[in-house]
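# Overview (structure and organization)
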Amino acid sequence: MALTVNIDFDHIYEIEPVTPDLRTTTFKSQLADGTSLPLRVEISNQPHPLLPDVYNLAFGPLNSRGLVDDKAEIEHSDYSKTFSTILFTALTYLSSNPSHFLGIDGSNNARAYLYYRFIQRNFGYLAQFFIMHGLKYYVRISRFGKNQFDNPFDFKDIYTSLDPISRGRIIRSDWMYNYFIFRLNTAR
């Protein structure tokens, strides 16, 4: 994946809405080998279980079961145009649903780091349209005694705290965000 992504909403692929509510769209991304690949952008219809009003945004090619493969490794010919298109679909959705927030999951540490770098590189441009937060999930052990080990994972033990993303802020690699949340900047 390229590190030098420049977001520009005037330089995007043609978007085809799949659903009238703009929760599902597709576009064809040009690949490095000269072929094109349809990519789908899907916004969940249920809010995040731990974050009210946050709806997950997933993107990628469809797998053999017809689901978005957000872990696919694809070599795009123009990463800037591809990610500009994805974020433009987010902007379009949020403009119609200003009370919603959209969350993008960094499916692994490497992707989370790249997404953060993209945001930092394009912060001035993106901040015109979005208010952005990072989220680092972590689990706190709040149980004691033998029950602590009977069921080591309890959703009540997950701590979620939104951290505003600001220009130039360097995040330690061991504290990189897992999830990036975008809200419409209504002050523009």
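Relevant structure appears above.
Quick look at the structure, then.

## What about the overall build of the protein chain?
Along the backbone of the protein chain there are 4 helices and 10 strands. Helices and strands in the protein chain line up, N terminus first, as β-β-β-β-α-β-α-α-β-β-α-β-β-β. In the protein chain, 65% of the contacts between residues at least 6 apart in sequence involve partners at least 24 apart. Carbon and sulfur atoms make up 52% of the accessible area of the protein chain, which totals about 10500 Å².

## What to know about the environment of Q128
With respect to the helices, strands and loops of the structure, Q128 is situated in the loop between α3 (123–126) and β6 (130–135). Overall, Q128 belongs to the partly exposed group, its relative accessible area being 41%. With 59 residues separating them in the primary sequence, Q128 and A187 have C-alpha atoms 8.5 Å apart.

## Some thoughts on the sheet that holds strand β10 (residues 179–184)
In space, the 8 strands of this open sheet follow the order β1-β2-β3-β4-β5-β10-β6-β9, with mixed pairing throughout. Two strands close off the open sheet at either side, each with one partner strand: β1 (16–17) and β9 (162–164). Sheet topology note: the strand β5 (residues 101–105)/β10 ladder contains 5 bridges and is antiparallel. Residue I104 lies in a different strand from β10, and its bridge partner there is F180.

## A word on the packing of aromatic side chains
A complete count under the given rule lists 15 aromatic pairs for this structure. Seen in terms of ring centroids, F9 and F130 are 6.5 Å apart; in terms of plane orientation they differ by 85°. Their pairing is edge-to-face. Taken together, the residues span a long stretch of sequence, with F9 in the segment before β1 and F130 in strand β6 at a distance of 121 residues. Taken together, the ring pairs connect F59, F83, Y115, Y116, F118, Y177 and F180 into an aromatic cluster.

Reading the values: rules and limits
Residues numbered from 1 in each chain as written. Predicted model: local features only at pLDDT ≥ 70, side-chain atom pairs only at ≥ 80, totals over all residues. Heavy atoms only, no water. Helix = DSSP H or I, 4+ residues; strand = E, 2+ residues; numbered from the N terminus. Contact = heavy atoms within 4.5 Å. Areas by Shrake-Rupley, 256 points an atom, 1.4 Å probe, with all protein chains shown as cover. Buried < 20%, exposed > 50% of the residue type's maximum accessible area, 1.4 Å probe, protein only. Pairing = 2+ DSSP bridges. Phe/Tyr/Trp six-rings, centres within 6.5 Å; stacked < 30°, edge-to-face > 60°.

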